[in-house]
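So you can see what is in the structure, the chains are spelled out below.
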Amino acid sequence: MDRFRPLRRIQVEPDPAEPPAPAAGAGGDAEGDESPAPAAGLLMGARVRRRAAVYRDCKGDYIGVPNDPCLTKILSKQGDNKVLFADKVLKFTQSGKMKRRILVITDFALYLVDPDADILKRRIALAAVDKLCISNLSDNFFAIIVPTEYDCFMVSTRKKEIVDVIVKAIKSTSEYEPEVASSNRFEYHAAAEVVKVVEFEDADGGIKTRITNKEKS
């Protein structure tokens, strides 16, 4: 089943001459040499937020999880059956490649599933999420900060809905509300010892996004 279709383009400047990434830390989604998603140009963005995106109805499950045997099996193994959100996303690896993923959010965890191999690559408990990072512009990038593991940097046309669902889900099961940090420059841990810097700039015709390795002090 091909759950993915081509996505629209924006300009992304990857880290030039990036050295080979070190071995991944704990976690199942720090992939190595599996086939990458299309090159970094195949991301999504617009110069101004589209009116349709602002007022779009939030469906939640955009891929039909109950009708997908792989996803229902993964969730049932974890005893997790209440799906709050499900959709296709692109996820950045520590080396800067992008991988196709299915993101499923329940009231207890986030799941990242490889849609080609039908394999669960990573499960993040909502209780482990400390912060969400987004820019002040109308791009589609966001980072999920998980201090006890490593962070997750992804792209989705439904970024706002994903962030809202995560915040509400955490608040509903605890007295804690994760911070939503909005800045045109933020950092995230792509792996235990790999810190990336993401910078956004409003440019003619779109949004320029630059992703670089943070220099060690």
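Residues numbered from 1 in each chain as written. Predicted model: local features only at pLDDT ≥ 70, side-chain atom pairs only at ≥ 80, totals over all residues. Heavy atoms only, no water.

The name given to the protein chain in an unreviewed UniProt entry is TH1 domain-containing protein, with the source organism recorded as Urochloa decumbens.

Visitor: Would you mind showing me how to read the sheet that holds strand E3 (residues 98–106) here?
Guide: Picture the strands of a sheet paired through backbone hydrogen bonds; they go either parallel or antiparallel. The sheet built from eight strands is open, its strands ordered E5-E4-E3-E2-E8-E7-E6-E9 with mixed pairing. Each of the sheet's edge strands pairs with one partner strand only, and the pair in question is strand E5 (119–125) and strand E9 (179–182). Strand-to-strand twist across the sheet, computed as the mean angle between neighbouring axes with direction ignored, equals 30°. In this sheet, strand E8 (residues 152–155) lies alongside strand E7 (residues 141–145) in antiparallel orientation, the contact comprising four bridges. Counted as the bridge partner of Ala143 is Phe153 from E8. Where helix H2 (residues 69–77) meets the sheet, it contacts strand E2 (83–92), E3, strand E4 (109–114) and E5, and its direction lies at approximately 140° from that of E4. Running over the sheet, helix H3 (residues 159–173) touches E2, E3, E4, strand E6 (131–134), E7 and E9 and is turned about 125° from E2. (Pairing = 2+ DSSP bridges. Helix = DSSP H or I, 4+ residues; strand = E, 2+ residues; numbered from the N terminus. Axes fitted to C-alpha atoms, helices over the stretch in contact; angles between N-to-C directions. Contact = heavy atoms within 4.5 Å.)

Visitor: How do you make sense of the side chain of Asp68 when you look at a structure like this?
Guide: Following the sequence through the fold, Asp68 ends up in the loop between helix H1 (51–55) and H2. Under the relative-accessibility criterion, Asp68 is labelled buried at 4%. Looking at Asp68, its side chain comes within polar contact range of the main-chain nitrogen of Cys70, at 3.0 Å. (Buried < 20%, exposed > 50% of the residue type's maximum accessible area, 1.4 Å probe, protein only. Polar contact = N/O pair within 3.5 Å; in protein donor to acceptor, adjacent residues only side chain to side chain.)

Visitor: Which parts of the structure should I look at to understand H3?
Guide: An ideal rise of 1.5 Å per residue puts 21 Å on 15 residues; H3 measures up with 22 Å between its terminal C-alpha atoms. Every buried residue belonging to H3 is among Lys159, Glu161, Ile162, Val163, Val165, Ile166, Val167, Ala169 and Ile170, and all of these are buried. Elements in contact with the buried residues of H3: E2, E3, E4, E6, E7 and E9. (Expected span 1.5 Å × (residues − 1).)

Visitor: Looking at this structure, I do not really get the pattern of salt bridges. What am I missing?
Guide: Opposite charge on two side chains permits pairing when their charged atoms draw close. Applying the stated criterion across every chain, the model contains 10 salt bridges. For Asp114, the salt bridge goes to Arg101, with nearest N and O atoms at 4.0 Å. Taken as a pair, Asp114 in strand E4 and Arg101 in strand E3 lie far apart in primary sequence, 13 residues in all. For the pair Asp114 and Arg101, one class covers both residues: buried. For Glu199, the salt bridge identified is with Arg185, shortest N-O distance 3.9 Å. Within this pair, whereas Glu199 is found in strand E11 (residues 194–203), its partner Arg185 is found in strand E10 (residues 185–191), the two being separated by 14 residues in sequence. Using a relative accessible area of 44% as the deciding quantity, one classes Arg185 as partly exposed. (Salt bridge = Lys/Arg side-chain N within 4 Å of Asp/Glu carboxyl O.)

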